[in-house]
Amino acid sequence: EQVRQQVNLLPDETEFDTYLNQLSSAAERHLAKRLRDDDGNLATFVADAATLAAMDPQPANPFLVSDEPDLVLAALLLVGHWFSNREAVGRDTQHEIPQAFEALIFDSRSHSLG
């Protein structure tokens, strides 16, 4: 529902549902890669603390979605951007990932040197 709102689709506009699911999955994978820890472990997004506690084995680099509204917004921004700009380069312009995405994930990223 959040994704549909992000791209301004009404509930009865379902022709893009498959594509929106693909974009949502791609945004999650993109964030998981961008939020690798210092050991190279991809981020694992978990709904809440109870779900994390029940996981066996425990993920190496968990992020609780319930505690990370900035990351949820970053994913929504990516989906909206990709939905509106389906090609990286058009005839008249180039499209980059919005700066807001980088700002929203900055504090969650590993910033180790070396």
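Anyway, here's the lowdown on the structure attached to this text. A quick note: this is a predicted structure, and the numbers were derived from the prediction, not measured.

### Regarding the overall build of the protein chain
The secondary structure content of the protein chain amounts to five helices and two strands. Ordered by position from the N terminus, the helices and strands of the protein chain form the series α-α-β-α-β-α-α. Per-residue burial for the protein chain yields a buried fraction of 26% across its 114 residues. In the protein chain, the proportion of contacts linking residues at least 24 apart, taken out of those at least 6 apart, comes to 51%. Only carbon and sulfur atoms are counted for the fraction: they give 49% of the accessible area of the protein chain, which is about 7,700 Å².

### Quick notes on helix H4 (residues 69–84)
An α-helical turn contains 3.6 residues, so a residue and the one three or four places further along point in the same direction. Taking 1.5 Å per residue, 16 residues should reach 22 Å; H4 reaches 22 Å between its end C-alpha atoms and fits that length. The complete set of buried residues in H4 reads Leu71, Ala74, Ala75, Leu76, Leu78, Val79, Gly80, His81 and Phe83. Where H4 is buried, its residues contact helix H1 (2–6), helix H2 (17–34), strand S1 (44–46), strand S2 (62–64) and helix H5 (99–105).

### Some words on the nonpolar core
The biggest cluster of nonpolar side chains holds 21 residues, and the ones touching the most others in it are Leu20, Leu31, Leu35, Val79 and Ile105. Of all the secondary-structure elements, those providing two or more residues to this core are H2, H4 and H5. A per-element tally of this core places H4 first, with seven residues. Ignoring sequence-local partners within four residues, the contact set of Val79 consists of Val3, Val7, Leu20, Leu23, Ser24 and Ala27.

### Thoughts on the packing of aromatic side chains
A complete count under the given rule lists three aromatic pairs for this structure. Taken together, a centroid distance of 6.1 Å and an interplanar angle of 40 degrees make the contact between Tyr19 and Phe83 tilted. Pair noted here: Tyr19 is in helix H2 and Phe83 is in helix H4, with a separation of 64 residues, a long-range link. For Tyr19, a relative accessible area of 24% gives the class partly exposed. Taking the centre distance of 6.0 Å and the plane angle of 40 degrees together, the rings of Phe45 and Phe63 count as tilted. Of this pair, Phe45 sits in strand S1 while Phe63 is found in strand S2, placing the two residues 18 residues apart along the sequence.

The rules behind these values
- Residues numbered from 1 in each chain as written.
- Predicted model: local features only at pLDDT ≥ 70, side-chain atom pairs only at ≥ 80, totals over all residues.
- Heavy atoms only, no water.
- Helix = DSSP H or I, 4+ residues; strand = E, 2+ residues; numbered from the N terminus.
- Buried < 20%, exposed > 50% of the residue type's maximum accessible area, 1.4 Å probe, protein only.
- Contact = heavy atoms within 4.5 Å.
- Areas by Shrake-Rupley, 256 points an atom, 1.4 Å probe, with all protein chains shown as cover.
- Expected span 1.5 Å × (residues − 1).
- Core = buried A, V, L, I, M, F, W, Y, C linked by side-chain atoms within 4.5 Å.
- Phe/Tyr/Trp six-rings, centres within 6.5 Å; stacked < 30°, edge-to-face > 60°.

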